[in-house]
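# Close look at the chain arrangement
Here's the letter readout for the chains.
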Amino acid sequence: MKKQKKKKILVPIDGSDRALNTVRYVARVEPFRKMGIVLFHVFSSVPEGYWDLEKDPRSTSTVRQVRSWEIEQRKKIKPYMEQARQFLLKAGVSAESITIKIQDRKKGIARDIIREARNGYDAVVTRRRGMTGLRRIVLGSVATKLLSQITFLPLILVGKLTLSHKILLAFDGSENAMNAVKFAGTLLGGFDYEVSLFHVLRSNEAGRSEHRHIFSSKEFAKIASKEMTSSLKAAQVELIHAGLKANKVSSQIVSGAISRAGAIAQRAKQENFGTIVMGRRGHSSVRDFFVGRVTNKVIHLARDRTVWVVR
């Protein structure tokens, strides 16, 4: 019998305390502790333009300072990566499951992470904001680039809230939504997590005026709910077959919402769901967009939650 290949996740960390919190998150998620974990750092050394100063005899002092800075940064990153490794070891991750990988910046930090992510990983786990993140910014520049370009793997954007075992899975019946169900089932099956499938029917009053006469709000909700119920049941069966406890898997349909994203974010806040799982794009996706509008809005509205974006 062929031995099943061990799953592995890529965890990019940038040398900041914020990134160490991402490692702490990984350490607290039981399924991740059973996987291979690659702690990945892209070392961004001094831009090449600085070395042109060597040609100018008046810049000798500046060049010396720059070189000293780079040497010092290289010295700091090794103990930093070891600190991250110790978090995982203390959480029970086996030493052979942890890999530390440091490489010099080649094409750019985000592009180097994306290139590494193509090497047989099952997911990428990253912080919303990095070392230079500002409080008012929901996603830092690197996270934004990863969100737009990592279309081939689930991307987990870690929020600041304490991890809970309650998962809100936004479900619209689309192919991406079913992929999100399968990913959640594969990852969480066999562990004690609660998963709530959540479908939002937007108010018919929010549509175009020329379409409002087609259905009354009640009739529209009744027909749409009936169509979605069977899909939700199939999703529940998928999760239970994956190993989640039947009494920990539920579903809910909410109608009359003005905003799907707003309803999802509100539900997560009211019911204390620390994690929201979503498909990258839903039924109304447009090929030119890397991330669906609802998913993108949820990421911004639920800024303190962890969001799993599944292709």
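Since we're looking at a predicted model, the values are computed, not measured.

Scanning the protein chain for helices and strands turns up 10 helices and 10 strands. Looking at the protein chain residue by residue over its 311 residues, the buried ones come to 44%. Residue pairs at least 24 apart in sequence account for 79% of intrachain contacts in the protein chain once pairs closer than 6 positions are excluded. Surface summary for the protein chain: the accessible area is close to 17400 Å², and the carbon and sulfur share equals 49%.

For the rest of this paragraph, the subject is the side chain of Asp-112. With respect to the helices and strands, Asp-112 occurs in helix H5 (residues 109-117). Among the polar contacts listed, one links the side chain of Asp-112 to the backbone nitrogen of Lys-106, at a separation of 2.6 Å. Asp-112 has contacts with Phe-40, Val-42, Gln-103, Asp-104, Arg-105, Lys-106 and Lys-107, leaving out every residue within four places of it along the chain.

The sheet built from 10 strands is open, its strands ordered E3-E2-E1-E4-E5-E10-E9-E6-E7-E8 with mixed pairing. Because the sheet does not close on itself, it has two edges, and the strands there are strand E3 (98-104) and strand E8 (249-257). Between one strand axis and the next, the sheet turns through 20° on average, direction left out of account. Of the strand pairs in this sheet, strand E6 (residues 166-170) and strand E9 (residues 275-279) are connected by 3 bridges, and their pairing is parallel. Across the sheet, Ile-167 pairs through a bridge with Thr-275, a residue of E9. With respect to the sheet, H5 is in contact with strand E1 (8-12), strand E2 (36-43), E3 and strand E4 (123-127), its orientation differing from that of E2 by roughly 150°.

So, how was this worked out
- Residues numbered from 1 in each chain as written.
- Predicted model: local features only at pLDDT ≥ 70, side-chain atom pairs only at ≥ 80, totals over all residues.
- Heavy atoms only, no water.
- Helix = DSSP H or I, 4+ residues; strand = E, 2+ residues; numbered from the N terminus.
- Buried < 20%, exposed > 50% of the residue type's maximum accessible area, 1.4 Å probe, protein only.
- Contact = heavy atoms within 4.5 Å.
- Areas by Shrake-Rupley, 256 points an atom, 1.4 Å probe, with all protein chains shown as cover.
- Polar contact = N/O pair within 3.5 Å; in protein donor to acceptor, adjacent residues only side chain to side chain.
- Pairing = 2+ DSSP bridges.
- Axes fitted to C-alpha atoms, helices over the stretch in contact; angles between N-to-C directions.

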